[in-house]
Amino acid sequence: RRAGDTEGAAGGAPGGRPLHEQRVLDMGCGTGNYACAVAPHVHTMVCFDGNASMLARCQEKLEALQTPNTPSFMQGILPDLPMDDDSFDSVMCNLVLHHIEDEETRNAGFSRT
């Protein structure tokens, strides 16, 4: 890829929105390490986790970054995602899937967000 490209992994999904216009869900955000890396570069960042204390730590970290957008935070458990279908351009899910034994539950969130 050339520097400045807005397509592909560094800049957005092929044929989709450029990264700075994307609505991104961090499904299983934990304490926000990945969300902190991505949030300054996207239009909308939603952090979702089942653990209230980890979600609170994620919120602390993102608020300290003072990103140009305002991230939002939701607590819940897969597959019960409290958002409409097709709400996001991209979904991150890091260090989560090995905690979910049921394959149908693992896939449920990805297919509808």
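In what follows, the structure referred to is the one given above.
Draft legend 1. Seen up close, the pairing of strand β2 (residues 44-49). In terms of burial, β2 is a largely internal element, 5 of the 6 residues being buried. With 5 bridges connecting them, strand β1 (residues 23-27) and β2 associate as parallel partners. The residue bridging L25 from the neighbouring strand is V46, located in β2. Considered for its hand, the β-α-β crossover made up of β1, helix α1 (residues 33-38) and β2 is right-handed. Relative to strand β3 (residues 72-75), β2 runs parallel, the two being bridged by 4 bridges.

Draft legend 2. The arrangement of unusual backbone geometry in detail. Phi at Q66 takes a positive value of approximately 50°, unusual for a residue other than glycine. The topology assignment puts Q66 in the loop between α2 (52-65) and β3. Even without glycine at this site, D86 takes up a positive phi of about 55°. Turning to its location among the elements, D86 is positioned in the loop between β3 and β4 (90-92).

Draft legend 3. View of the sheet that holds β2. Taken in spatial order, the 4 strands line up as β3-β2-β1-β4 in an open sheet, and their pairing is parallel. On the outer flanks of this sheet lie β3 and β4, each paired with one strand and no other. Averaged over neighbouring strand pairs, the angle between their axes works out to 20° when direction is ignored. With 3 bridges connecting them, β1 and β4 associate as parallel partners. Directly across from L25, in β4, lies its bridge partner V91. Here α2 sits on the sheet in contact with β2 and β3, set at roughly 175° to β3.

Cut-offs and rules
- Residues numbered from 1 in each chain as written.
- Predicted model: local features only at pLDDT ≥ 70, side-chain atom pairs only at ≥ 80, totals over all residues.
- Heavy atoms only, no water.
- Buried < 20%, exposed > 50% of the residue type's maximum accessible area, 1.4 Å probe, protein only.
- Helix = DSSP H or I, 4+ residues; strand = E, 2+ residues; numbered from the N terminus.
- Pairing = 2+ DSSP bridges.
- Right-handed = clockwise from strand over helix to strand, strands pointing away.
- Axes fitted to C-alpha atoms, helices over the stretch in contact; angles between N-to-C directions.
- Contact = heavy atoms within 4.5 Å.

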